[in-house]
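If you want the building blocks of each chain, they are given just below.
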Number of protein chains: 2
Amino acid sequence: MKRKSNLTSAEQIEVFGAPDEDALFDMAELFKVFADSTRIRILYAMFETELNVSQICDKVEMTISAVSHQLRLLKQAKLVRCRREGRKAYYMLADDHVKTIIGMAKEHIEEE
Amino acid sequence: MKRKSNLTSAEQIEVFGAPDEDALFDMAELFKVFADSTRIRILYAMFETELNVSQICDKVEMTISAVSHQLRLLKQAKLVRCRREGRKAYYMLADDHVKTIIGMAKEHIEEE
DNA sequence: TGAATAGTTGAACAATTATTCAACTATGAT
DNA sequence: ATCATAGTTGAATAATTGTTCAACTATTCA
């Protein structure tokens, strides 16, 4: 895996507003999360309302295990949050960034 | 490579505004282009002004070949355009989507 | 024409990643 | 305690991808 830079903060000089290596790395990591159509489908499934894992599986037609693996990535990226209720785990979008970022992409691909 | 769906357009029924498989695939493809910190660096290099390939190489400290490969991907995704002048090829951002999409990501990672 | 500069392209290799499978934890009901 | 439900996790495999290298095209200059 490409690593974050190990420069000291003094060496991470910002020129012309270009982000430092760590920020570039984090941005790329965030985009990687969106860079898979099954994950985007999982996110869309939660657009209207929170869902538990089984409900998500039904919506996106994937195994529980596969969905659970992907939800972990989405949670790590802080794109979804999780609420436990008995044995069920309800997932929901963490904030509006998801919708905005996906919206931007949709706009770009729709322009011819 | 995961393929676009081969359903007929009649079968691609949109429910609840969720995009069809082809649109999801295209969005994921677009995000893949952003999902690499060297490509984001290349895009940032062009934020202020167009640059030829050698100038980009100097800015991002990569070989001509590596940069050229990445520029092809960026061009395919319609994120950059290319203008030839003699033996030099000047690359520039295709439109404002690049800045907007990167801006969204920057916002998300900066929020703790 | 030949040499130099600027960039592109295909093949190969290493690294990353998505899904499957099996084993596991946690909660609730009997 | 036992069983079923709900979900998580680690290992393994197959597929994808970023960089390098070498060979190539295209343009300019002498």
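Thresholds, definitions, all that
- Residues numbered from 1 in each chain as written.
- Chains lettered and ligands numbered in written order.
- Predicted model: local features only at pLDDT ≥ 70, side-chain atom pairs only at ≥ 80, totals over all residues.
- Heavy atoms only, no water.
- Contact = heavy atoms within 4.5 Å.
- Buried area = accessible area lost by both parts, 1.4 Å probe.
- Salt bridge = Lys/Arg side-chain N within 4 Å of Asp/Glu carboxyl O.
- Polar contact = N/O pair within 3.5 Å; in protein donor to acceptor, adjacent residues only side chain to side chain.
- Helix = DSSP H or I, 4+ residues; strand = E, 2+ residues; numbered from the N terminus.
- Buried < 20%, exposed > 50% of the residue type's maximum accessible area, 1.4 Å probe, protein only.
- Phe/Tyr/Trp six-rings, centres within 6.5 Å; stacked < 30°, edge-to-face > 60°.
- Lys NZ or Arg CZ within 6 Å of the ring centre and 35° of its normal.

K.L.:
Even after reading the chapter, I still don't get the interface of chain B and chain A, so can you show me in this structure?
P.N.:
A common way to express how large an interface is: the accessible area buried when the components associate. Contacts between the two partners involve 40 residues from chain B and, on the opposite side, 40 residues from chain A. Where chain B abuts chain A, roughly 3500 Å² becomes buried across the two surfaces, and 72% of that area is made up of carbon and sulfur atoms. A per-residue breakdown of the area chain B buries against chain A is headed by Phe-31, His-97 and His-108 of chain B, which together make up 19% of the total. The tally of links between chain B and chain A comes to two salt bridges. For Arg-41 of chain B, the salt bridge identified is with Glu-21 of chain A, shortest N-O distance 3.5 Å. Taken together, the connections running from chain B to chain A amount to eight residue pairs in polar contact (both at pLDDT 80 or more).

K.L.:
Would you mind showing me how to read the pattern of salt bridges here?
P.N.:
Two side chains with opposite charge may pair up if their charged atoms get near one another. Tallied over the full model, the rule gives eleven salt bridges over all chains. Of the charged contacts in the structure, one is a salt bridge between Glu-50 of chain B and Arg-83 of chain B, with a shortest N-O distance of 2.5 Å. With a gap of 33 residues between them, Glu-50 of chain B in the loop between helix H2 (37–45) and strand E1 (51–52) and Arg-83 of chain B in strand E2 (residues 80–85) connect regions that are remote in the sequence. Assessed through its relative accessible area of 26%, Glu-50 of chain B is described here as partly exposed. Linked through salt bridges whose partners overlap, the residues forming this network are Glu-50, Arg-83 and Glu-85 of chain A.

K.L.:
Any chance you could explain the packing of aromatic side chains here in plain terms?
P.N.:
Two numbers describe a pair of aromatic rings. These are the distance of the centres and the angle of the planes. Evaluated as defined, the whole model comprises five aromatic pairs over all chains. Ring geometry for Phe-31 of chain A against Phe-31 of chain B: centres 6.2 Å apart, planes inclined by 25 degrees, an arrangement best described as stacked. In this pair, Phe-31 of chain A sits in helix H1 (residues 21–34) while Phe-31 of chain B sits in helix H1 (residues 21–34), so the two residues belong to two different chains. Comparing Phe-31 of chain A with Phe-31 of chain B shows no difference in burial state: the two are buried. Taken together, the ring pairs in this structure connect Phe-31 and Phe-34 of chain A together with Phe-31 and Phe-34 of chain B into an aromatic cluster. Sitting over the ring of Phe-47 of chain A, Lys-99 of chain A keeps its end group 5.2 Å from the ring centre.

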